[in-house]
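Listed below, chain by chain, are the residues.
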Amino acid sequence: MGFVSSWPVRAGDVDPYNRVRLDGIARYLQDIAWEHLQQSILEQTDPNWIIRRTVIDVIRPVRWPDTVHLLRWCSSMSTRWSNMRVRITSDRGGLIETEGFWIKINEANNMPARISDAGLAYLAQTTNEQRLRWRPWLTDPAPPESDTDLPFPLRATDIDQYNHVNNACYWQAVEQYLVDYPKLASGPHRAVIEYVAPVLARQHIGVRSRYEPGDRHARPTLRLWFVVDGVTTTIVRIAPR
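This is a predicted model, so every value here is computed, not measured. (Residues numbered from 1 in each chain as written. Predicted model: local features only at pLDDT ≥ 70, side-chain atom pairs only at ≥ 80, totals over all residues. Heavy atoms only, no water.)

Engineer: So what's going on with the pattern of salt bridges? Residues and values would help.
Structural biologist: Counting across every chain of the model gives 18 salt bridges. One salt bridge connects Glu97 with Arg85, and the closest N-O pair in it is separated by 3.2 Å. Separated by 12 residues along the polypeptide, Glu97 in strand 5 (residues 95–104) and Arg85 in strand 4 (residues 81–90) bring together distant segments of the chain. Beyond isolated ion pairs, a larger network of salt bridges with shared partners links Asp13, Arg21, Asp23 and Arg27. (Salt bridge = Lys/Arg side-chain N within 4 Å of Asp/Glu carboxyl O. Helix = DSSP H or I, 4+ residues; strand = E, 2+ residues; numbered from the N terminus.)

Engineer: Before we move on, could you go through the UniProt feature "domain: Acyl-ACP thioesterase N-terminal hotdog" (unreviewed entry) in the protein chain and cite the residues and values that matter?
Structural biologist: What UniProt calls "domain: Acyl-ACP thioesterase N-terminal hotdog" (unreviewed entry) maps, in this numbering, to residues 3–118. Between the C-alpha atoms that bound residues 3–118 the distance is 17 Å, and the span itself is 20% helix and 42% strand. (UniProt positions renumbered as here; feature names shortened; annotations may be inferred.)

Engineer: A description of the UniProt feature "domain: Acyl-ACP thioesterase-like C-terminal" (unreviewed entry) in the protein chain should follow, citing residues and the corresponding values.
Structural biologist: Using the residue numbers shown here, the UniProt feature "domain: Acyl-ACP thioesterase-like C-terminal" (unreviewed entry) corresponds to residues 145–206. For the annotated span residues 145–206, helix accounts for 19% and strand for 16% of the residues, and the straight-line distance between the end C-alpha atoms is 9 Å.

Engineer: I'd love a proper account of helix 4 (residues 167–178), names of residues and values included.
Structural biologist: With 10 of 12 residues buried, helix 4 is to be regarded as a mostly interior element. For helix 4, every residue scored as buried is listed here: Asn167, Ala168, Cys169, Tyr170, Trp171, Ala173, Val174, Glu175, Tyr177 and Leu178. One side-chain oxygen of the residue at the start of helix 4 lies 3.0 Å from the amide nitrogen of Ala168, identifying that residue as Asn166. (Buried < 20%, exposed > 50% of the residue type's maximum accessible area, 1.4 Å probe, protein only. Polar contact = N/O pair within 3.5 Å; in protein donor to acceptor, adjacent residues only side chain to side chain.)

Engineer: For the sheet that holds strand 9 (residues 221–228), give the residues involved together with the corresponding values.
Structural biologist: With antiparallel pairing, 10 strands are arranged side by side in an open sheet as 1-3-4-5-2-7-10-9-8-6. Bordering the open sheet on either side are strand 1 (3–8) and strand 6 (150–151), each of which pairs with just one other strand. Here strand 3 (residues 67–77) runs beside strand 4; their pairing, made up of 9 bridges, is antiparallel. Within strand 4, the residue paired with Ser76 across the bridge is Asn83. Each of strand 1, strand 2 (49–60), strand 3, strand 4, strand 5, strand 7 (189–195) and strand 10 (231–240) touches helix 1 (residues 22–38); the most contacted strand, strand 1, lies at about 135 degrees to it. (Pairing = 2+ DSSP bridges. Contact = heavy atoms within 4.5 Å. Axes fitted to C-alpha atoms, helices over the stretch in contact; angles between N-to-C directions.)

Engineer: I'd like a rundown of the layout of surface pockets, residues and numbers included.
Structural biologist: Its volume calculated, the largest pocket comes out at about 1,000 Å³. Contributing to the lining of the largest pocket are 41 residues, with Trp49, Ile50, Ile51, Trp102 and Tyr162 lying nearest its centre. Mapped onto the lining of the largest pocket, the elements with two or more residues apiece are helix 1, strand 2, strand 4, strand 5 and helix 4. In terms of residue class, the lining of the largest pocket is made up of 28 nonpolar, 9 polar and 4 charged. Residues lining the lining of the largest pocket come from more than one domain, with at least three contributed by each of domain 1 (3–126) and domain 2 (150–240). Taken as a whole, the second largest pocket encloses approximately 320 Å³ of empty space. (1 Å grid on protein atoms, 1.4 Å probe; cavity = no way out; pocket = protein on both sides within 12 Å on 5 of 7 lines; lining within 4 Å. Points joined across faces, edges and corners; volume = space filled by probe spheres on them. Nonpolar A, V, L, I, M, F, W, Y, C, P; charged D, E, K, R; others polar. Domains from an automatic or database assignment.)

Engineer: Outline the nonpolar core, listing residues and values.
Structural biologist: In terms of nonpolar packing, the biggest core is built from 55 residues, with Leu22, Ile25, Ile88, Trp171 and Phe226 touching the most fellow members. Here this core spans two domains, and each of domain 1 (3–126) and domain 2 (150–240) adds at least three residues to it. Ignoring sequence-local partners within four residues, the contact set of Ile88 consists of Ile25, Tyr28, Leu29, Val68, His69, Leu70, Gly94, Leu95 and Ile96. With 6 residues, the next largest nonpolar core counts Val55, Leu138, Trp225 and Ile235 among its residues. (Core = buried A, V, L, I, M, F, W, Y, C linked by side-chain atoms within 4.5 Å.)

Engineer: A description of the side chain of Asp57 should follow, citing residues and the corresponding values.
Structural biologist: Checked against the element boundaries, Asp57 lands in strand 2. Accessibility expressed as a relative area gives 7% for Asp57, which makes it buried. For Asp57, the side chain forms a polar contact with the side chain of Arg190, separated by 2.6 Å. Among the polar contacts listed, one links the side chain of Asp57 to the side chain of Arg241, at a separation of 3.1 Å. For Asp57, the contacting residues outside a window of four places in its chain are Leu95, Ile96, Glu97, His189, Arg190 and Arg241.

In structure tokens form, the structure reads like this:
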């Protein structure tokens, strides 16, 4: 039980090897979230949400040309937030499992707000877990500023209706780093992003990175920190599954 949608893979979502990029997957998650909202009671009762964490498990990549099928449902919840799962499958055998930690917000002040009784009843149709708590997964502090830091210039099209950098845009920077570490995405892998603080239009973002090659005891891992005026706003970790 859940909300379903499908669409063809577009050429703008893939890399030179026809793999659907992480930013393409993030847009898919946004699109089905929007469709789900528009076609459910949540449009009237609880229309405003922001995402705090996204987990993307690429088990079998989706490649162009193909058609994706998305299934979205609530896997756990509390009175102010919920974990929304999205399973992405494709006609040619792609499989991507994802989870997003979504927070209901008050449109007037952009602060967390209680989900309506009707909204809670709707979300509870697919889960019995109603004591969801927020616990950060990515807690490593950003490394010191160095010559390897890269700027992440913002464009007007990167800004959403809340005057924040759209969450899918961060994955474009992640893909830029993955070019140097292609083995991380060549097999099954997990990518996690946590949004610590919003970034507004016209702010200047720097990206700090650390690559751990791994050994027989640990997996290779790429970590990124998005920093504005010395403050970490977003953290990313990518490693093989």
